[in-house]
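Residues per chain, in single letters:
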Amino acid sequence: MTTEPMNPLAGPPGPGMYSTRTDKLELGSTAYGEGKDTQSILSGAPLGKTGDVNPARAGDVREAAAKTQVTGLYAPSDEVRPISSGLDTGPGPGSNALMMNKSEVKTSDTLAKMLPYDTDGSIAILYQQAIARGD
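Report on the accompanying structure. Values in this document were obtained by computation on a predicted structure and should not be read as measured data. (Residues numbered from 1 in each chain as written. Predicted model: local features only at pLDDT ≥ 70, side-chain atom pairs only at ≥ 80, totals over all residues. Heavy atoms only, no water.)

## Section: the overall build of the protein chain
- Scanning the protein chain for helices and strands turns up 4 helices and 0 strands.
- What you see in the protein chain, going N to C, is helices and strands ordered as α-α-α-α.
- Classification of the 135 residues of the protein chain by burial places 7% in the buried group.
- Per element, the accessible surface of the protein chain, about 12,500 Å² overall, is 58% carbon and sulfur. (Helix = DSSP H or I, 4+ residues; strand = E, 2+ residues; numbered from the N terminus. Buried < 20%, exposed > 50% of the residue type's maximum accessible area, 1.4 Å probe, protein only. Areas by Shrake-Rupley, 256 points an atom, 1.4 Å probe, with all protein chains shown as cover.)

Next comes the structure, spelled out in structure tokens:
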């Protein structure tokens, strides 16, 4: 890349239509080796191939949308699971259906490891509350 400084007389960029551009740096001539770094970067990995980029016709899009079944905003739900699914109360499967493993480490044990770094006593308060809850 070129190492020439930008024109210092151009001034700082500003908002609006009279702003000056500062991003006009150009890649130097590759004949003299100035583009060697760029070419080595480009040859490092294969560039992606662009697939079919032909746009869909508006008529095709309208036809596809007309065939699609859209559920209205206030339509009744098609869901057959109870709303309490995943909770340990009410109908439906409990929290064991979520297959989330409960932590084996108690919160109080984790807080106890943090106590030596407690500078304002907030960890000690949380530790005491966790002990009181049996957590």
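## Some thoughts on the pattern of salt bridges
- A full pass over the atoms with the stated rule returns 2 salt bridges.
- A salt bridge links R57 to D60, with the shortest nitrogen-to-oxygen separation between them at 3.1 Å. (Salt bridge = Lys/Arg side-chain N within 4 Å of Asp/Glu carboxyl O.)

## Let's talk about the side chain of S84
- Following the sequence through the fold, S84 ends up in the loop between α2 (58-67) and α3 (107-114).
- Assessed through its relative accessible area of 10%, S84 is described here as buried.
- A distance of 2.5 Å separates the side chain of S84 from the backbone oxygen of P91, its partner in a polar contact. (Polar contact = N/O pair within 3.5 Å; in protein donor to acceptor, adjacent residues only side chain to side chain.)

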